[in-house]
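Here is what each chain is made of, one letter per residue.
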Amino acid sequence: MLQIPIMINGLPGNVTSAITAIALKDLRVQVLPYSLTGPEVTKTRHMVEDVEFELVSPADREARIAEIKGRHPYFITVDFTHPLAVNDNADFYCRHSLPFVMGTTGGDRQALTQAVTESSLCAVIAPNMAKQIVGFQAMLEYAATTFKDLFKDYTLSVRESHQAGKADTSGTALAVVDCFKRMGTDFTADRIEMERRPDVQLEKWGIPESFLAGHGWHTYQLTSPDRTVVFEFKHNVNGRDIYAGGTLDAVVFLDRKLSQKERGKTYSMIDVLKG
């Protein structure tokens, strides 16, 4: 079986390092020893398992990408960088004809999609790469489309907790809230309760200490007007392994679409699951 060459951007970040470690063991892909990184990163090398990766800074990436493409004419880029870099990175990928899987949240998502559709690329763009959570979102999407006003007049509360380094609101929480709003709840995203303090996560949430640096806990509670009925949906993820599996499935899916000469299209993780 031919391995799909991939470049995973975002090292030495924790999420990227965890996904890279799993990708190195996956026989479907060949991980190239380069990673685009942020302006705040000063070191030029980073080890994952026993592989040394060259860290390419924003100042050097234009020159280096030409050299990398000269050695590897085809590869799929995987992006787990920073929310503030989403659109700039996507523009860079489109400019250099680098098909990509975008797991980074944040940024202007409409502009992100538009950049791909106006290019010769295809990309998988998803705020969550965990297949089981994506399936849960698909069920809510079906309910939002089929049972409008199902939770009309119900009160929605949303709590989410992630590691202290996560800069933005959970993209998954935002997507789930959108579904419940379409089912009749009156809720705005600024009411999502975000927790990033390790001491509170440990003492009040009960998150295991070993996963304070990498977790995603979400609770969505709907309460009837007279408070006699409560529905609660919850998904708690410890660690990052669950995201790696979905990411690599997305790479395989995208590689197949590219081999079918698809161009200028964006796909979601729902498309990946269906495919």
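Above this text sits the structure in question.
In this text, all values refer to a predicted model and were calculated from it rather than measured experimentally.

Undergrad: Hey, could you run me through the overall build of the protein in this one?
TA: Scanning the protein from terminus to terminus reveals nine helices and 13 strands. Here the C-alpha atoms of the protein give a radius of gyration of 20 Å, agreeing with the 19 Å that 2.2 N^0.38 yields for 275 residues. For the protein, the C-alpha atoms occupy an extent of roughly 65 × 45 × 35 Å along the three principal directions. Across the 275 residues of the protein, 49% fall into the buried class. Look at the contacts in the protein between residues 6 or more apart in sequence, and 66% of them connect residues 24 or more apart.

Undergrad: I keep staring at unusual backbone geometry and nothing clicks. Help me out?
TA: One can expect most non-glycine residues to show negative phi and most peptide bonds to be in trans. Cis geometry is adopted by the peptide bond preceding Pro12, which originates at Leu11 and carries an omega value of 10°. Take Pro12: it is sitting in the loop between strand 1 (4-9) and helix 1 (14-23). One non-glycine residue, Glu49, lies in positive phi territory at about 55°. Tracing the backbone through its elements, the reader meets Glu49 in the loop between strand 4 (45-48) and strand 5 (51-56). Assessed through its relative accessible area of 52%, Glu49 is described here as exposed.

Undergrad: Where do I start with the packing of helix 5 (residues 131-146) against helix 6 (residues 171-182) in this structure?
TA: A pair of packed helices is captured by two measures, namely the crossing angle of their axes and the spacing between those axes. Taken N-terminus to C-terminus, the directions of helix 5 and helix 6 make an angle of 20°; their axes are 8 Å apart at the nearest point. Taken together, the axis directions place helix 5 and helix 6 in an arrangement best described as roughly parallel. Of the two elements, helix 5 crosses helix 6, and the hand of that crossing is left-handed. Between helix 5, through Ile133, Phe136, Gln137, Leu140, Glu141, Ala144 and Thr145, and helix 6, the contact on the second element is made entirely by Thr172, Ala175, Val176, Cys179, Phe180 and Arg182.

Undergrad: Is there a simple way to explain the packing of aromatic side chains in this structure?
TA: Each aromatic ring pair is characterised by the separation of its centres together with the angle its planes make. Evaluation of the coordinates by the stated rule reveals 11 aromatic pairs. Judged by centre distance (6.3 Å) and plane angle (45°), the rings of Phe136 and Phe233 are tilted. Here Phe136, found in helix 5, pairs with Phe233, found in strand 12 (residues 230-238); they are 97 residues apart in sequence, far enough to count as distant. Taking relative accessible area as the criterion, Phe233 reaches 25% and is therefore assigned partly exposed. Arranged with centres 5.4 Å apart and planes meeting at 75°, the rings of Phe151 and Tyr154 form a pair that is edge-to-face. Assessed through its relative accessible area of 8%, Phe151 is described here as buried.

Undergrad: When you look at a nonpolar patch on the surface in this model, what are you seeing that I'm missing?
TA: Where nonpolar side chains cluster on the molecular surface, the patch consists of Tyr142, Phe147 and Leu150 and spans about 340 Å² of accessible area. Relative accessible area serves as the criterion here: at 42%, Phe147 is assigned to the partly exposed category.

Undergrad: I'm lost on the sheet that holds strand 12 in this one. Help?
TA: Strand pairing in a sheet relies on backbone hydrogen bonds, with the paired strands running either antiparallel or parallel. In spatial order, the strands read 10-9-11-12; together these four strands make up an open sheet with mixed pairing. Every interior strand has two partners, whereas the edge strands, strand 10 (193-195) and strand 12, have only one. Direction aside, neighbouring strands of the sheet carry axes that sit 10° apart on average. With eight bridges connecting them, strand 9 (residues 155-162) and strand 11 (residues 215-223) associate as antiparallel partners. When the bridges of strand 11 are listed, Leu156 appears paired with Leu222.

Undergrad: Looking at this structure, how should I read the pattern of salt bridges?
TA: Side chains bearing opposite charge may pair, as long as their charged atoms lie close to each other. All chains considered together, the criterion is met by 15 salt bridges. Residue Lys131 pairs with Asp249 through a salt bridge whose shortest N-O separation is 2.8 Å. With Lys131 in helix 5 and Asp249 in helix 8 (residues 241-259), the pair connects residues that are 118 residues apart, well separated along the chain. A salt bridge links Arg182 to Glu141, with the nearest nitrogen and oxygen atoms 2.7 Å apart. In this pair, Arg182 is assigned in helix 6 and Glu141 in helix 5, connecting sequence segments 41 residues apart. Residue class for Arg182 comes out partly exposed when judged on its relative accessible area of 28%. Judged by relative accessible area, which is 34%, Glu141 ranks as partly exposed. A cluster of three or more residues bridged by salt bridges with shared partners is formed by Asp26, Arg28, Lys131 and Asp249.

Basis of the calculations
- Residues numbered from 1 in each chain as written.
- Predicted model: local features only at pLDDT ≥ 70, side-chain atom pairs only at ≥ 80, totals over all residues.
- Heavy atoms only, no water.
- Helix = DSSP H or I, 4+ residues; strand = E, 2+ residues; numbered from the N terminus.
- Rg over C-alpha atoms; globule rule 2.2 N^0.38 Å.
- Buried < 20%, exposed > 50% of the residue type's maximum accessible area, 1.4 Å probe, protein only.
- Contact = heavy atoms within 4.5 Å.
- Axes fitted to C-alpha atoms, helices over the stretch in contact; angles between N-to-C directions.
- Parallel < 35°, antiparallel > 145°, perpendicular 65-115°, else oblique.
- Left-handed = near helix turned anticlockwise from the far one by under 90°.
- Phe/Tyr/Trp six-rings, centres within 6.5 Å; stacked < 30°, edge-to-face > 60°.
- Patch = residues over 30% accessible without salt bridge, like charges linked within 9 Å, V, L, I, M, F, W, Y side chains within 5 Å.
- Areas by Shrake-Rupley, 256 points an atom, 1.4 Å probe, with all protein chains shown as cover.
- Salt bridge = Lys/Arg side-chain N within 4 Å of Asp/Glu carboxyl O.
- Pairing = 2+ DSSP bridges.

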